[in-house]
Amino acid sequence: MARSATVSQRRRSSTHESFLRHKGFLFLKVAVFVCVAAVAAYFFQHARPRPGGGTPLGYFLGTVGAGLIVWLALLGVRKRAVSSGHYSLKAWVSAHVYLGLSLIVIATLHTGFQFGWNVHTLAYGLMLLVIASGAIGVWAYVALPARLSENRGETTRKQMLAQIQSLDELIHEAAQGFPRDTAAIVRISLEQTDIGGGFWRRLFEDYRDCANLRALREIEAAQRTAGAHEAKALGEVAVLMRRKGDALGLARRQMHITALLEAWLFVHVPATFALLAALTVHIVSVFAYW
Amino acid sequence: MSETFRIAIVGSGPSGLSAAAHAAAKGISHVLLEKTDHLSDTIYRYQKGKHVMATPAQLVLRSDCDFAAGKREAVLEQWNADARKAGVNVLYNAEAKAITGAKGDFSIALTNGDVIKAETIILAIGTQGNPNLMRCDGASLPHVQYSLDDPAAFIDEHIFVFGGGDAGIENALGLAADQAQANVVTLVNRSADFARAKEANVKALMQARDNGRITILAETTPSLIEAGWVTVDTPQGSARHKCDRIIARMGSSPPRKFVEAAGIAFTSDAPSAFPHLSATFETTTPGIYVIGALAGYPLIKHCMNQGHDVVEYIDGRTDLKPADEPILEAKLAGLPGRMSVSEWLEYLRSRVEILYGLSALQMREFLLDSDVRAFRAGETIFERNMIGSSLFGIAQGSVRVEIDPKNPSNTVPIGAGSIFGEVGLISGRRRGATIRAGEDCIVVEIPRTAALKLMAQVAEARETVNRITTERQILQIFKSGLAPSDLEEVLAGAQVMEVRPGQAIIKEGELGDDLYIIRSGSMIVEKAVGGKQVFMSYVPAGSYSGEMAMIDGGPRTATVKAAIRSQVVRLPADPFRKLLARKPDLDAKMRGDMAARRQVNAFVEDQKDSFDGVVDMYSSVASFLIDQGIGEATDVLLIDESLCVGCDNCEKACADSHEGLSRLNREAGKTYAKIHVPTSCRHCEHPYCMTDCPPNAIQRGPDGEVFISDACIGCGNCQRNCPYDVIQMDKPPPEKPGLLSWMLFGKGPGPGEPDKAWREKQPKPAVEKGKVAIKCDMCIGKAGGPACVRACPTGAAIRVSPEDFLSVALLDRGAN
Ligand SMILES: Cc1cc2nc3c(=O)[nH]c(=O)nc-3n(C[C@H](O)[C@H](O)[C@H](O)COP(=O)(O)OP(=O)(O)OC[C@H]3O[C@@H](n4cnc5c(N)ncnc54)[C@H](O)[C@@H]3O)c2cc1C
Ligand code: HEM
Ligand code: HEM
Ligand code: SF4
Ligand code: SF4
Ligand code: SF4
């Protein structure tokens, strides 16, 4: 309308498009084109004695494949090297996903479907593993963010932890003057509660043995046998422990979803390193046997 | 006390102390009156250990007291020693209450009943003012205090904090923070809510209340204070509470009344105005001088130099050159004409219309902030679409405005004495036209803050700028070959109106055909569709509204209301219609705009019939964003939470491209329909943070980015003034090992803001740096643009301007 668009050389505004839709699926189109071209070349070639890595097309596809793999692996560096020039990690990821998938076609055609129990096929298998885990990652990136957002609402992780901490303080305060045995139970909740725990715990959100829960059960049991005055004091602590339980639940669900969002990377990245190693051996060995 | 002092100095801040020390050094009979029991109360009240900065660096210090950047404690100690050594005659606990008499025979009445006699008076009382006092019975008891230096100092007390502003809340939170202190803290607020306080503070307060740490008494006022008790009036009736200590933080009142009571005139009624001063700091009451922050110079070095200079002036050395002379000389070097600094000042003052009302001293200060530049005929002064908010005054020559970007030869001249560049000044937006020197010319470039200060101080300047602005803005909006003369009739009936947020200037269905120009702020257009108010469009500053009824007649077809506090100009319809009849180009252009707007409305309404939910979503997302203050942003970071995987790469990238500190808090902030507004600077159209920055360190960059320069002295004013809580005070962490050595050898903390533990383990730097204000600078100077956006792997983080984002494009979002 009355104001005109930006004229500065600097890129300022950004388009509201996910990495999958980046630039109207540009890299999907590129990947499809590359695959179609590779398939066409494969069928038009006259490979002697048969198609495979040793033919001219084989060498070509192998080189393209290896180049792609190295480039794909460099995403790990790109992600962390914040330089000041023009780049968009979103564009990188978009290209990474689609060109990564195109490797299935490129590498397979390179092999000429000659598989065996050797390091070459190991490299191929590792590549498929990396790709498969990447595909799971894409699923996670599409499916999980909404849950992440819904779970936390407008609460930040810091606030979640602060909430738990302030409940701890209140529990501590409310338990002043408790006899030794009940005070010991309260201390279980205060001292032994593990908010997140290890990776597997987070991944499976398994907190059945949560110290706060255990302490709460025992307080509830003590409440049933206590006198009226004492029961009231225990009841106050129990209410606080239930609130702490809720707060823990929220924080743990957040960590659970985050763990789901990262779990696949624990395959994707180590397998990438294994792949790079196997690929090196593969390439060195084919030249060594020449 | 019957002695009559040659000079009485009121206030022992850097300016007053320096004056007293110089008087002492010259052996002039003097007295330094200080209302507290220590020197320099403003600096005394800085936070413990605050790093005091000594800017501007190029200014030499001319004072009998020493001053260098360093810790608050060291600075104060130095001054105490200097005062003792110089033999300054200080009277502590001597608060001046009233000044009577005339030059040669003044009487200063103190609050303790004493009267001090003096021939001349130097007022150096700063701008901090006096805290508003408790007024109920018992308010003078010793346990009522107006400041809180160290919340950790009180143990096991019943403490009442009065005041629901940030200061009161922060004090209450501080007192209740450590449970081991076992204080029982009550916060008393006169109103029902905490509208004046920051959201983060209110949140923390509510949490403290929910956890039983702080009791809040709302709509409550004190009625009686006794030793150990306080009685308050609550909505439920009167109540008496145990109370060992009262901390009253009910704001402060500026010292203006006291100053005016001595007969001293201020430059205007604006709250930001300063006293009228001569080139020797003399006020309109002869014999009374004003220096320091009260004179409009908030930096300590300036204050100290003035203390020295004013004593020289009083002692008769009126030819003394001020210490900023070399700075001005350097500024004016390179210009044609070979004039002295004072000749230049007079030359500019007498030629540029908006400077006519300035005194010689104001001119000096004004020029310290501004620049004088010479251009050869044809040289470009600025280009269309550049961001710039400075105002230009033409001292000599003339400039040509290229009103039609397609045809550079179509120009309008602006002559000597007038101003240009005022549109950016009013709305903080891009330059609307290219301006070149028409002939060789000399112009003063006045930065936005200096220009606003000028307008606040000098009524003539304000009126001139307002008149010219309205005329030019209208010309700018309608272009189409209009000349100022075409607008005379329209402008005769023009009316400038302030509009509150949410207030409607046009109501759907009502009769009315006036046209509105949005001068600052922004508007939203709403329409009732199917019984609901549906958001139609966003109208930014520099645009107009109300043309449909004006052109086509009939009742208003939509409601136009302010998204934020705005200023509009109402133009009566009849003269405008006459103008349209005379100018077919303008008529065609406006009809074109109108058709485009109609189309948008029709499109939204159409969607409403078929996709009710989509339009509701669009409308409610737009309202949410407006509620978040997006209407005053120029560029805002949004996170689409349906895409954000929580990797925090945005924060890490921000930290890694900015000395290791992230200027964005991804998780904090409000969310609606998966659109999240994180805590990060929005580069407001009218940045609140800029309003009160002593060294003028907050500026607008070439792309509209609001950034803080190295001149920041860490006073924290901007942090308090920003309503969006995006400024933090911190010092950069030590340098990390490089990325490669982290990736290969696991050295250092890795990407992102290093954690506290790592920071503390690093060796301390040789020169300790102070905390300064840290905020998003929109990655100024980085060719690739904002790092947060570039580093987001999924496309969740986007930076948008409101007019692009709050458009029908938002409809697509609901649709997929
Ligand atoms: C938090 C903060 C940080 C800052 N950091 C810096 C910095 O790092 N570097 C920098 O250059 N500037 C800084 N400033 C600005 C600077 O401190 C002030 O502008 C400066 O102190 C002003 O000096 P002054 O002498 O004019 O007045 P003040 O320093 O305000 O002194 C006024 C004195 O007068 C006394 N007084 C007031 N009324 C009366 C009365 N009626 N009778 C008797 N005595 C009276 C007061 O008690 C006080 O001692 C900072 C300001 C703040 C608020
Ligand atoms: C620079 C890159 C590459 C070169 C020069 C190369 C070379 C070759 C050659 C010469 C062969 C034929 C070996 C033979 O016939 O005995 C071959 C086969 C093969 N290559 Fe590659 N290759 C490259 C990259 C890749 C990549 C990226 C993969 C997959 C991850 C791959 C997987 C295979 C497989 C599975 C075979 C079949 C092994 C077999 O014949 O038993 N190669 N390669
Ligand atoms: C052999 C091919 C591939 C290699 C070597 C590879 C390697 C990598 C590496 C090194 C990373 C960086 C991880 C990190 O540092 O956090 C990464 C990230 C990722 N990869 Fe792959 N990848 C491959 C194929 C794929 C494929 C086919 C997909 C999708 C279908 C995919 C999806 C992803 C995604 C979504 C990320 C996360 C991006 C981010 O969050 O920054 N990858 N990959
Ligand atoms: S710091 Fe705050 S006030 Fe200043 S521009 Fe940014 S959001 Fe606006
Ligand atoms: S624009 Fe730059 S400075 Fe601002 S939040 Fe993003 S990365 Fe940080
Ligand atoms: S970089 Fe993007 S995906 Fe990662 S946390 Fe930031 S907004 Fe979310």
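Nothing here was measured: the structure is a model prediction, and the numbers come from that model. (Residues numbered from 1 in each chain as written. Chains lettered and ligands numbered in written order. Predicted model: local features only at pLDDT ≥ 70, side-chain atom pairs only at ≥ 80, totals over all residues. Heavy atoms only, no water.)

A. The overall build of chain A, seen in detail. Scanning chain A for helices and strands turns up 12 helices and zero strands. When the helices and strands of chain A are listed from N to C terminus, the series reads α-α-α-α-α-α-α-α-α-α-α-α. Taken against the 2.2 N^0.38 rule, which gives 19 Å for 290 residues, the C-alpha radius of gyration of chain A at 28 Å runs more than 25% over that of a compact globule. In terms of overall dimensions, chain A has a C-alpha envelope of 95 × 65 × 30 Å along the principal axes. Of all 290 residues assigned to chain A, the portion counted as buried reaches 43%. For chain A, restricting intrachain contacts to residue pairs at least 6 apart in sequence, the fraction spanning at least 24 positions comes to 77%. A total accessible area of about 15900 Å² is found for chain A, and carbon and sulfur atoms account for 65% of it. The centroid of the 31 positive side-chain charges in chain A is displaced by 17 Å from the centroid of its 18 negative side-chain charges. (Helix = DSSP H or I, 4+ residues; strand = E, 2+ residues; numbered from the N terminus. Rg over C-alpha atoms; globule rule 2.2 N^0.38 Å. Buried < 20%, exposed > 50% of the residue type's maximum accessible area, 1.4 Å probe, protein only. Contact = heavy atoms within 4.5 Å. Areas by Shrake-Rupley, 256 points an atom, 1.4 Å probe, with all protein chains shown as cover. Lys, Arg positive; Asp, Glu negative; His and termini not counted. Charge placed at Lys NZ, Arg CZ, Asp CG, Glu CD.)

B. Geometry of the sheet that holds strand β30 (residues 515-520) of chain B. All names here are of chain B. Judged by pairing direction, the sheet is antiparallel, and its four strands sit side by side in the order β28-β35-β30-β33 without closing on themselves. If you trace the sheet from one side to the other, it starts and ends with β28 (495-499) and β33 (543-545), each paired once. Ignoring which end each strand starts from, the neighbouring axes of this sheet average 35° apart. The pairing of β28 with strand β35 (residues 566-571) spans five bridges and is classified as antiparallel. Bridge pairing in β35 links Met497 to Val568. Packed on one face of the sheet, helix α13 (residues 459-478) meets β28, β30, β33 and β35 and runs near 115° to β30. (Pairing = 2+ DSSP bridges. Axes fitted to C-alpha atoms, helices over the stretch in contact; angles between N-to-C directions.)

C. Structural view of the nonpolar core. Trp79(B), Ile99(B), Ile108(B), Ile122(B), Leu123(B) and Val310(B) are the most contacted members of the largest nonpolar core, which totals 59 residues. The contacts of Leu123(B), once residues within four sequence positions are left out, are Val10(B), Ile99(B), Phe258(B), Val259(B), Ile264(B), Ile288(B), Tyr289(B), Val290(B), Ile291(B) and Leu294(B). Judged by nonpolar contacts, the second largest core, of 42 residues, contains Leu68(A), Leu72(A), Ala140(A) and Leu279(A). (Core = buried A, V, L, I, M, F, W, Y, C linked by side-chain atoms within 4.5 Å.)

D. Here's a closer look at the pattern of salt bridges. Residue and element names in this part refer to chain B. What the rule picks out here adds up to 52 salt bridges over all chains. The partner of Glu73 in a salt bridge is Arg72, with the nearest N and O atoms 2.7 Å apart. Here Lys103 and Glu282 are joined by a salt bridge, their closest N and O atoms 4.0 Å apart. One end of the pair, Lys103, is in the loop between β6 (96-102) and β7 (105-110); the other, Glu282, is in the loop between α6 (256-261) and β19 (288-290), with 179 residues separating them in the sequence. Beyond isolated ion pairs, a larger network of salt bridges with shared partners links Arg6, Lys26, Glu119, Glu312, Asp315 and Arg317. (Salt bridge = Lys/Arg side-chain N within 4 Å of Asp/Glu carboxyl O.)

E. Fine view of the coordination of the iron atom of ligand 2. All names here are of chain A. Of the protein atoms, only His110 (NE2) and His282 (NE2) coordinate the iron atom of ligand 2, at distances of 2.0 to 2.1 Å. Here the iron atom of ligand 2 binds six donor atoms, and the angle range of 82 to 179° at the metal identifies the geometry as octahedral. A residue pair is termed long-range when its members are at least 10 positions apart, and His110 in helix α4 (residues 89-111) and His282 in helix α12 (residues 265-288) qualify at 172 residues. The same class applies to His110 and to His282, which are both buried. (Donors = N, O, S within 2.8 Å, 3.2 Å for Na, K, Ca; no water. Tetrahedral: all angles 85-135°; square planar, octahedral: opposite > 155°, others 65-115°.)

F. Just the interface of chain B and chain A, in detail. Contact residues are listed per partner, giving 65 residues for chain B and 53 residues for chain A. For the pair chain B and chain A, the summed buried surface comes to about 5000 Å²; carbon and sulfur atoms form 48% of the total. Summed over the shared surface of chain B and chain A, the result is six salt bridges. In this structure, Glu667(B) engages Arg157(A) in a salt bridge whose closest nitrogen and oxygen atoms are separated by 3.0 Å. (Buried area = accessible area lost by both parts, 1.4 Å probe.)

G. Quick peek at helix α17 (residues 584-610) of chain B. Its 27 residues give α17(B) an end-to-end C-alpha distance of 39 Å, which sits within 8% of 39 Å, the value for a rise of 1.5 Å per residue. Where α17(B) is concerned, the buried positions are Leu586(B), Asp587(B), Met590(B), Met594(B), Arg597(B), Asn601(B), Val604(B), Gln607(B) and Lys608(B). (Expected span 1.5 Å × (residues − 1).)

H. Examining the coordination of the iron atom of ligand 3 more closely. Residue and element names in this part refer to chain A. Protein coordination at the iron atom of ligand 3 comes from His96 (NE2) and His268 (NE2), with a distance range of 2.0 Å. For the iron atom of ligand 3, the six donor atoms in the first shell make angles of 84 to 178° at the metal, a pattern classed as octahedral. Here the residue His96 occupies a position in helix α4, and His268 occupies one in helix α12, the gap between them amounting to 172 residues. With respect to class, His96 is no different from His268; both count as buried.

I. Highlighting the environment of Ser657(B). Its place among the elements puts Ser657(B) in the loop between α19 (649-656) and β37 (665-672). Exposure remark for Ser657(B): the relative accessible area of 16% places this residue in the buried category. A sequence separation of 125 residues divides Ser657(B) from Lys782(B), and the C-alpha atoms of the two residues are 9.2 Å apart. Once you skip the residues sitting within four places of it in the chain, Ser657(B) turns out to touch Val82(A), Lys782(B) and Ala787(B). Separated by 3.3 Å, the side chains of Ser657(B) and His658(B) make a polar contact. (Polar contact = N/O pair within 3.5 Å; in protein donor to acceptor, adjacent residues only side chain to side chain.)

J. Here's a closer look at the domain arrangement of chain A. All names here are of chain A. When cut into domains, chain A gives domain 1 (18-151 + 264-288) and domain 2 (157-263). One C-alpha centre belongs to domain 1, the other to domain 2; they are set 47 Å apart. In terms of surface lost to domain 2, no three residues of domain 1 exceed Leu148, Asn151 and Phe266, which account for 55% of the buried area on that side. At the junction of domain 1 with domain 2, the criterion picks out zero salt bridges. At the junction of domain 1 with domain 2, the criterion picks out eight residue pairs in polar contact (both at pLDDT 80 or more). Looking at the side of domain 1 that touches domain 2, the elements that each hand over two or more residues are α5 (119-143), α6 (145-152) and α12. Looking at the side of domain 1 that touches domain 2 residue by residue, the class counts come to eight nonpolar, one polar and one charged. (Domains from an automatic or database assignment. Nonpolar A, V, L, I, M, F, W, Y, C, P; charged D, E, K, R; others polar.)

K. Summary view of the pairing of strand β23 (residues 399-402) of chain B. Residue and element names in this part refer to chain B. Looking at chain direction, β23 and strand β24 (residues 411-414) are connected through four bridges and run antiparallel. When the bridges of β24 are listed, Val401 appears paired with Val412. Sheet analysis places β23 next to strand β26 (residues 434-437), joined by four bridges and oriented antiparallel. Each bridged residue has a counterpart across the sheet, and for Val399 the counterpart in β26 is Ala437.

L. Here's a closer look at the sheet that holds strand β27 (residues 441-446) of chain B. All names here are of chain B. Strand order in this open sheet of four strands is β20-β27-β22-β25, and the pairing throughout is antiparallel. Strand pairing shows two members of the sheet lacking a second neighbour, β20 (371-375) and β25 (419-420), which therefore form its edges. When strand β22 (residues 391-396) meets β25, the two strands line up antiparallel, connected through two bridges. Within β25, the residue paired with Phe392 across the bridge is Phe420.

M. Representation of the site of ligand 3. In the vicinity of ligand 3, 26 residues are found, and the nearest of them are Arg80(A), His96(A), Tyr141(A), Trp264(A) and His268(A). Around ligand 3 the close residues trace back to chains A and B. Those elements that place two or more of their residues in the shell around ligand 3 are α2 (56-73), α3 (75-78), α4, α5 and α12 of chain A. (Near = heavy atom within 4 Å.)

N. Geometry of the packing of aromatic side chains. Taken as a whole and judged by the stated rule, the model has 19 aromatic pairs over all chains. Ring centres of Phe535(B) and Tyr618(B) lie 5.8 Å apart, and the angle between their planes is 75°; this geometry places the pair in the edge-to-face category. One end of the pair, Phe535(B), is in strand β32 (residues 532-540); the other, Tyr618(B), is in helix α18 (residues 612-627), with 83 residues separating them in the sequence. Across the pair, exposure class does not vary: Phe535(B) and Tyr618(B) are buried alike. In this arrangement the basic side chain of Arg78(A) is found over the ring face of Tyr87(A), its NZ or CZ atom lying 3.6 Å from the centre. The ring of Tyr44(B) carries the charged tip of Arg72(B) above its face, separated from the ring centre by 5.6 Å. (Phe/Tyr/Trp six-rings, centres within 6.5 Å; stacked < 30°, edge-to-face > 60°. Lys NZ or Arg CZ within 6 Å of the ring centre and 35° of its normal.)

O. Highlighting the environment of Ala118(B). Residues and elements named next belong to chain B. Examined against the element boundaries, Ala118 turns out to sit in strand β8 (residues 115-123). Owing to a relative accessible area of 0%, Ala118 belongs among the buried residues under this scheme. Between the C-alpha atoms of Ala118 and Ile108, which are 10 residues apart in sequence, the distance is 7.9 Å. Apart from the residues lying within four places of it in its own chain, the contact partners of Ala118 are Thr4, Phe5, Ala8, Gly104, Asp105 and Phe106.

P. Quick look at the side chain of Asp730(B). All names here are of chain B. Take Asp730: it is sitting in strand β41 (residues 728-730). In terms of polar contacts, Asp730 uses its side chain to reach the side chain of Arg759, at 3.5 Å. With residues near it in sequence (within four places) discarded, Asp730 still touches Leu661, Arg759, Gly770, Lys771, Val772 and Ile774.

Q. Just unusual backbone geometry, in detail. The backbone of Phe113(A) sits at a positive phi, close to 60°, despite the residue not being glycine. Mapping Phe113(A) onto the fold places it in the loop between α4 and α5. The phi dihedral of Asp156(B) falls on the positive side, at around 55°, and the residue is not glycine. With a relative accessible area of 57%, Asp156(B) lands in the exposed category.

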